[in-house]
Amino acid sequence: MASGDHPKGLEYELPHHGSIWPLLVALGITAVLVGLILGTPWVFVGAGIFALTGLGWLHEDRRWWNEMVGTGHAPARWGILLFIGSEIMIFGALFAAYFNYRAQAPVWPPAGVELPVVITGIFTIILLLSGATMHWAHAALRAGNKRMFKGHLLLTILLGSIFIGGQIYEYISLIGAGLTLTHSHFAATFYMLTGTHGIHVIGGLIALIVVAYRTFVHDQFTAHRHVFVEGVAIYWHFVDLVWVFVYAIIYLQWF
Amino acid sequence: MLGCQKGDDNVFYGVHICLAPMAETSNDRASKIRSWLTTTDHKKIGIMYWWAGVFFFIIGGISALLVRMELFYPGQVLISGGTFDQLFSLHGTVMIFLWIMPALAGFGNYFVPLMLKAPDMAFPRVNALSLWMIMPAGLLLTIGLVIPGIVTVNVGWTGYPPLSTLDPNIGLDFWLVALILLGISSTLASVNFLATIFTMRAKDVGLHNMSLFCWAQMATSLLLLFSLPVATIAFIFLLFDRNLGTVFFTGPESDPILYQHLFWFFGHPEVYVLILPAFGIISEVISKFSNRPIFGYHSMAYAILAIATLGFLVWAHHMFTTGMDPRADIGFMITSLIIAVPTGIKVFNWLATMWGGIIDIKPPMLFALGFIWLFVIGGITGIMLASVPFDLQVHDTYFVVAHFHYTMVGGAMFGIFAGLYYWWPRMFSGKMYSMALSKIHFWLQFIGFNVTFFPQFILGLQGMRRRISDYVIPEFVGMNQASTIGGFIIAASILAFFINCWWSFTRGPTVDEDPWTGSRRIEWEEGDWGPRTPEVPTATEAKPEAKEAP
């Protein structure tokens, strides 16, 4: 990484450009949260507003990072690491709740509850593979091998999507077998943990699709300028790592 | 559209979005409004944070006055018990999340980049996003005041289940959504502040010579970053309990105490979030107006970090009456008592800074001295409350109310006004305010504050419960009436403040350099002076080499 290009201090310029999208995205986030409270059909209206405003932000992102701002690599890298710090606390709190209810339960998991350990194990391997392909994609980009970068990027998106598909399939079959959200504390914490993780995987996939868009359509990343790719890669590895804990603790009951 | 240059690639979904704010030459009112709505400039964002805070401060203040009026006489006089519940809950939530936090974030936004000699925050657009999430959250919190059929939050700012799960009113869901929004906003702002402080300092601004205000902002951001997600999870569980039929916190095998653990794991760091930036402001003000560098800079900086770190280890001292394991009680008592050490270091360093200094009693210094006096009372009663046997007696009485108002109002709010009167010409108008009016403001606020809250210590020791709309014991009457009168004296002081604002904006003398004596400070020298200065026009063309994404 050419982090030496952007030393500390005033070398970079930061003209006071404006953007309407922060205001609109804030309204979009509000709309989706209020929609969740009001129920259908408002949740779809809210999600639609959020998606539109989010797309607007991303659309501007391309220009913003391209032409306007050059705060350099270090802030972006710190930004994603700090954000992951707060994500760790999210999963930490969920695991704390899980262990809390487990300590109070006489039988854990409740009698008659069987999680599909083997099938989900296969999906776990697929998710870990996607972590490997993400790493190879990033390494290829750093080495200047754009062909390999693009290939592995697409492969990562594919593997991540397979994992999400597997999650949806698992949810449907578990709910069909009677393990609903309100079945027990085990079910509730199980859905909260895997659901939160699933939302993070979907977020990571969206970020990867943005990377792909900016790679295939605009060809914006090079061996030396790709901090966005790096941030997404760090995030994706984090999401993979969380799943290892989820699988070991909930499915395998190792701890 | 006005102000947009030809060829700008900014038509999106048929919406023509102007990315660059207008040049100041166009005096068009709409374009001015637009430039505030679209700004990513840390100074403008800081100013908007501050005034948003003041707006909600008025709402929170009026609800507190109504609460005090109801308690003036025993018996239900003015408002029903249900309304009383809404008012004190709204007061707590609004004052914490929508007055003290935005006001301090406003100072942080305005001055941290200046103190670091950074061109802006690390992520300017994310900074604006954090600001704009405050407004809808405030709307959702207060919507019950205007729409009939929706109550505002009526379960205290803590929202303990089962109380908060059993009330079906949608206003409580809005309240939870508002808190989640504010949580996202603060998390993003914290990432932004930390990235700015870690990576955007100029070469001659080191971690160990930057202003203590930046250290305070850094510790605050760390606290928020690692504590907020936990409360967010608690709020989401609560939303699930209320809407989707889960039984996390309410029901035969549920665990309402888990909510308290998750909430206070955030809630206690939160009180340091409110006070640490005020510590930073007070350090700046005391050193400036004593004409001495701060005494013990490094011990000050690391005391802030120590308070922040210990702040994560004390949460269950809010829960001594829940029947925890007594050994856990002792552990949390000890960690809580230890916090007195770094706090004491700070107080003694402030005193040592003044010792031998040439003290200039200007309004900011008055507020700083008032801060020390009141915060020490708040801190010492905090040590009393940290000891388990005492806490078991006064838990949920007015003693606790008085304690945290001495830290939150006597501490954080006096700190905010110290910073405000110190930085006023730099931050808002480039104009000076009336010294006489600001001294009237201080003395009214200082006297009114003590008249309001000192009697509450006595009420608490006499056994008056907090959050109850009525009382019958005749011994309570006198102290309650004193407290109510004090509340109106504080309201009068705030009125003096608003008159002062108006005076300053309309006829205050213009100031364009540091108006105070004492050594020069970086934030007065650095950068353009406020929004009066025309904005730098777009420099897009000036950087043709930056063709690729970073």
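Residues numbered from 1 in each chain as written. Chains lettered and ligands numbered in written order. Predicted model: local features only at pLDDT ≥ 70, side-chain atom pairs only at ≥ 80, totals over all residues. Heavy atoms only, no water.

Some details on the overall build of chain A
Scanning chain A for helices and strands turns up 7 helices and 0 strands. Going from N to C terminus, chain A has its helices and strands arranged as α-α-α-α-α-α-α. For chain A, with 255 residues in total, the buried portion stands at 55%. A fraction of 79% describes how many contacts in chain A between residues 6 or more apart in sequence connect residues 24 or more apart. Surface summary for chain A: the accessible area is close to 10,800 Å², and the carbon and sulfur share equals 73%. (Helix = DSSP H or I, 4+ residues; strand = E, 2+ residues; numbered from the N terminus. Buried < 20%, exposed > 50% of the residue type's maximum accessible area, 1.4 Å probe, protein only. Contact = heavy atoms within 4.5 Å. Areas by Shrake-Rupley, 256 points an atom, 1.4 Å probe, with all protein chains shown as cover.)

With respect to the overall build of chain B
When you go through chain B residue by residue, the secondary structure sums to 17 helices and 2 strands. In summary, chain B has a C-alpha radius of gyration of 24 Å against a globular reference of 24 Å for 550 residues, a match within 12%. When its C-alpha atoms are laid out on the principal axes, chain B stretches across 70 × 65 × 45 Å. For chain B, the proportion of its 550 residues judged to be buried stands at 63%. The long-range fraction of contacts in chain B, counting pairs at least 24 apart against all pairs at least 6 apart in sequence, stands at 81%. Per element, the accessible surface of chain B, about 19,700 Å² overall, is 70% carbon and sulfur. Looking at charge distribution, chain B has the averaged site of its 29 positive side-chain charges lying 8 Å from that of its 34 negative ones. (Rg over C-alpha atoms; globule rule 2.2 N^0.38 Å. Lys, Arg positive; Asp, Glu negative; His and termini not counted. Charge placed at Lys NZ, Arg CZ, Asp CG, Glu CD.)

Here's the deal with the nonpolar core
Core analysis: the biggest nonpolar cluster contains 240 residues, and I250 of chain A together with W50, W99, F107, W350 and F371 of chain B have the highest contact counts within it. Two domains each provide a minimum of three residues to this core, namely domain 1 (1–71) and domain 2 (73–251) of chain A. Apart from residues no more than four positions distant in its own chain, F371 of chain B is found in contact with I275, A278, F279, I282, W350, V376, G410, G411, A412, F414 and G415 of chain B. Counting 13 residues, the second largest nonpolar core, distinct from the first, contains V67, I79, Y471 and V477 of chain B. (Core = buried A, V, L, I, M, F, W, Y, C linked by side-chain atoms within 4.5 Å. Domains from an automatic or database assignment.)

Quick notes on empty space enclosed by the protein
Residue and element names in this part refer to chain B. With the rule as written, the count across this model stands at 7 cavities of 30 Å³ or more. Empty space within the largest cavity amounts to approximately 250 Å³. In this structure, the largest cavity is lined by 21 residues; those nearest its centre are M101, A105, S186, A189 and L224. Of all elements in the fold, only α3 (81–116), α6 (170–199), α7 (212–243) and α8 (256–289) reach the threshold of two or more residues within the lining of the largest cavity. Tallied by class, residues from the lining of the largest cavity come to 14 nonpolar, 7 polar and no charged. (1 Å grid on protein atoms, 1.4 Å probe; cavity = no way out; pocket = protein on both sides within 12 Å on 5 of 7 lines; lining within 4 Å. Points joined across faces, edges and corners; volume = space filled by probe spheres on them. Nonpolar A, V, L, I, M, F, W, Y, C, P; charged D, E, K, R; others polar.)

Re the side chain of T215 of chain A
All names here are of chain A. Examined against the element boundaries, T215 turns out to sit in helix α6 (residues 185–216). T215 sits in the buried class, given a relative accessible area of 3%. Contacts of T215, omitting those with residues within four sequence positions, involve F149, K150, L153 and F221.

Quick notes on the packing of aromatic side chains
Across all of its chains, the model carries 80 aromatic pairs over all chains by this definition. On the basis of an interplanar angle of 75° and a centroid distance of 4.7 Å, the ring pair of Y406 of chain B and F449 of chain B is categorised as edge-to-face. You can see Y406 of chain B sitting in helix α14 (residues 398–429) and its partner F449 of chain B sitting in helix α15 (residues 435–462), a full 43 residues away along the chain. Residue Y406 of chain B is classed as buried on the basis of its relative accessible area, which comes to 0%. Owing to a relative accessible area of 0%, F449 of chain B belongs among the buried residues under this scheme. Just above the ring of W36 of chain B sits the side chain of K44 of chain B; from NZ or CZ to the centre is 4.9 Å. The cationic tip of R125 of chain B hangs over the ring face of W57 of chain A; the distance from NZ or CZ to the ring centre is 4.5 Å. (Phe/Tyr/Trp six-rings, centres within 6.5 Å; stacked < 30°, edge-to-face > 60°. Lys NZ or Arg CZ within 6 Å of the ring centre and 35° of its normal.)

Examining unusual backbone geometry
Here W108 of chain A and P109 of chain A are connected by a cis peptide whose omega angle stands at -5°. A cis amide bond links P161 of chain B to the next residue, P162 of chain B, at an omega of 5°. Inspection of the secondary structure assignment puts P162 of chain B in the loop between α4 (124–142) and α5 (163–166). Residue K117 of chain B is not a glycine yet carries a positive backbone phi of 55°. By the secondary structure assignment, K117 of chain B is in the loop between α3 and α4.

What to know about the confidence of the model for chain B
Residues and elements named next belong to chain B. Taken residue by residue, chain B gives an average pLDDT of 89. The fraction at 70 or more is 91%. Taken together, the stretch residues 1–26 has pLDDT below 50 and engages in 54 contacts with residues farther than four places along the chain or on a different chain. Confidence drops under a pLDDT of 50 for residues 530–550, and excluding neighbours within four residues, the segment shows 49 contacts in the predicted structure. Predicted as a complex, the structure gets a pTM of 0.90 and an ipTM equal to 0.91. (pLDDT = per-residue confidence, 0-100.)

Focus on the domain arrangement of chain A
Segmentation of chain A into domains returns domain 1 (1–71) and domain 2 (73–251). Computed over C-alpha atoms, the centres of domain 1 of chain A and domain 2 of chain A are 22 Å apart.

Brief notes about α15 of chain B
The end-to-end C-alpha distance of α15 of chain B, which contains 28 residues, comes to 41 Å, matching closely the 40 Å that a straight helix rising 1.5 Å per residue would cover. Downstream of α15 of chain B by a residue or two, G463 of chain B has a phi angle that is positive, lying close to 105°. (Expected span 1.5 Å × (residues − 1).)

Let's talk about the side chain of T165 of chain B
Structurally, T165 of chain B can be placed in helix α5. Within the structure, the side chain of T165 of chain B is placed 2.8 Å from the backbone oxygen of P162 of chain B, a separation counted as a polar contact. (Polar contact = N/O pair within 3.5 Å; in protein donor to acceptor, adjacent residues only side chain to side chain.)

Things to note about the environment of W243 of chain A
Residues and elements named next belong to chain A. Structurally, W243 can be placed in helix α7 (residues 227–251). Residue classification places W243 among the buried residues on the basis of a relative accessible area of 1%. Taking the C-alpha atoms as reference points, W243 and T182, separated by 61 residues in sequence, lie 23 Å from one another. Beyond its immediate chain neighbours, meaning those up to four positions away, W243 contacts T120, T124, L127, F163, Q167, T194, H197 and Y251.

Side note on α4 of chain B
In this model α4 of chain B runs 28 Å from its N-terminal to its C-terminal C-alpha over 19 residues, within 8% of the 27 Å that 1.5 Å per residue would give. Of all 19 residues that make up α4 of chain B, 16 are buried, and the element is covered over most of its length.

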